[in-house]
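Topology and contacts: notes
So you can see what is in the structure, the chains are spelled out below.
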Amino acid sequence: MESPEEKNEPPIKSEENPEIQTAENFDSSLLQKATPEYLQELLRDKKLLQSMPNTFKHVELILEKEITLVRERLFHKNGSIQKAASELPEPSGPIVTLQKKVFVPVKENPNYNFVGRLLGPRGLTAKQMEQDLGCKIMVRGKGSMRDKRKEDQNRGKPNWEHLQEELHVLVSVEDYESRAEARLQRAVNAIQIFLEQGVKTVSFSSHTNDS
């Protein structure tokens, strides 16, 4: 009969084994890291590696996998954007432009910096989302301008009517009539998930710091 010491069983997480990494912990760890700032750091590293081609091949592969994971955590749900794009209807009909507003849950999360998350450093996050989602993104409504004095001055003026509305993301797509609606909804869903993910990340960090 095997003794308990001889059994080759995986260790069980306990107070004595806090370092054991479970699937749930790994997901929470990625959730904490998957931020626009972290993605930009990865992209900067990738650009640096590209300046030294064929020098760090294995590092390039690992970095590319990490970028893919973070992008999927930030922008995707139930599969990648590439998969969703391949599922769009065949192009037909005239080219049309469609728009939809995604309202930001500011009242439920008054202390969260949604504008900063959407725009990212130097607007890089918004540009990356536009590239990945194939749409145009504009942050509109109350609190959408980083210069609050300028926002107050422009409120009520022509072409600034959106400042009377609640904070939202205006999503625009231009595509064939047969697929524009599907592309727009795909972008809207991704942005909603992106906003929810940001709130969850802050909640997770706060919970970790308090524990």
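A brief look at the structure comes next. (Residues numbered from 1 in each chain as written. Predicted model: local features only at pLDDT ≥ 70, side-chain atom pairs only at ≥ 80, totals over all residues. Heavy atoms only, no water.)

1. Concerning the packing of aromatic side chains
Here the structure, examined in full by the defined rule, presents one aromatic pair. Each ring, one from Y112 and one from F114, has its centre 4.7 Å from the other, and the planes form 70 degrees; the classification is edge-to-face. Like F114, Y112 is buried. For the cation-ring pair, R117 lies above F194, with the distance from its terminal atom to the ring centre recorded as 4.0 Å. (Phe/Tyr/Trp six-rings, centres within 6.5 Å; stacked < 30°, edge-to-face > 60°. Buried < 20%, exposed > 50% of the residue type's maximum accessible area, 1.4 Å probe, protein only. Lys NZ or Arg CZ within 6 Å of the ring centre and 35° of its normal.)

2. Here's the deal with the environment of A182
Assignment of secondary structure puts A182 in helix α8 (residues 177-210). The residues touching A182, leaving out its near neighbours within four places in the chain, are L88 and P89. (Helix = DSSP H or I, 4+ residues; strand = E, 2+ residues; numbered from the N terminus. Contact = heavy atoms within 4.5 Å.)

3. Some details on the pattern of salt bridges
Per the stated rule, a full pass over the model turns up seven salt bridges. The closest approach of N and O atoms between E165 and K101, which form a salt bridge, is 3.0 Å. Of this pair, E165 sits in the loop between α7 (148-154) and β3 (168-176) while K101 sits in strand β1 (residues 95-103), and the two are 64 residues apart along the sequence. A residue is classified by how much of its surface remains accessible, and K101, at 38% relative accessible area, is partly exposed. (Salt bridge = Lys/Arg side-chain N within 4 Å of Asp/Glu carboxyl O.)

4. Concerning the sheet that holds β1
Pairing in this open sheet of three strands is antiparallel, and the strands run β1-β3-β2 from one edge to the other. Each having just a single partner strand, β1 and β2 (136-140) make up the two edges of the open sheet. The mean angle between the axes of side-by-side strands here comes to 20 degrees, regardless of whether they run parallel or antiparallel. The sheet contact formed by β1 and β3 spans nine bridges and is antiparallel. Within β3, the residue paired with V102 across the bridge is V169. (Pairing = 2+ DSSP bridges. Axes fitted to C-alpha atoms, helices over the stretch in contact; angles between N-to-C directions.)

5. Thoughts on the nonpolar core
Among the nonpolar cores identified, the biggest contains 23 residues, and V169, V171 and I191 are the most heavily contacted of them. At the level of secondary structure, the elements contributing two or more residues to this core comprise α5 (114-119), α6 (124-133), β2, β3 and α8. If we ignore the near neighbours within four places in the chain, the residues touching V171 are L98, Q99, K100, V102, C135, K136, L184, A187, V188 and I191. The next biggest cluster of nonpolar side chains, apart from the first, holds eight residues, and it includes L42, L63, I67 and V70. (Core = buried A, V, L, I, M, F, W, Y, C linked by side-chain atoms within 4.5 Å.)

6. A word on α6
Those residues of α6 not exposed but buried are T125, A126, Q128, M129, D132 and L133. Across the axial projection of α6, the buried residues extend over an arc of 160 degrees, all falling on one side. Summarising the geometry of α6, the exposed residues directed more than 90 degrees from the buried face are K127 and Q131. Backbone geometry just downstream of α6 places G134 in the positive-phi region, at approximately 65 degrees. (Arc of directions from axis to C-beta.)

Functional significance is not addressed by these values, which are geometric in nature.
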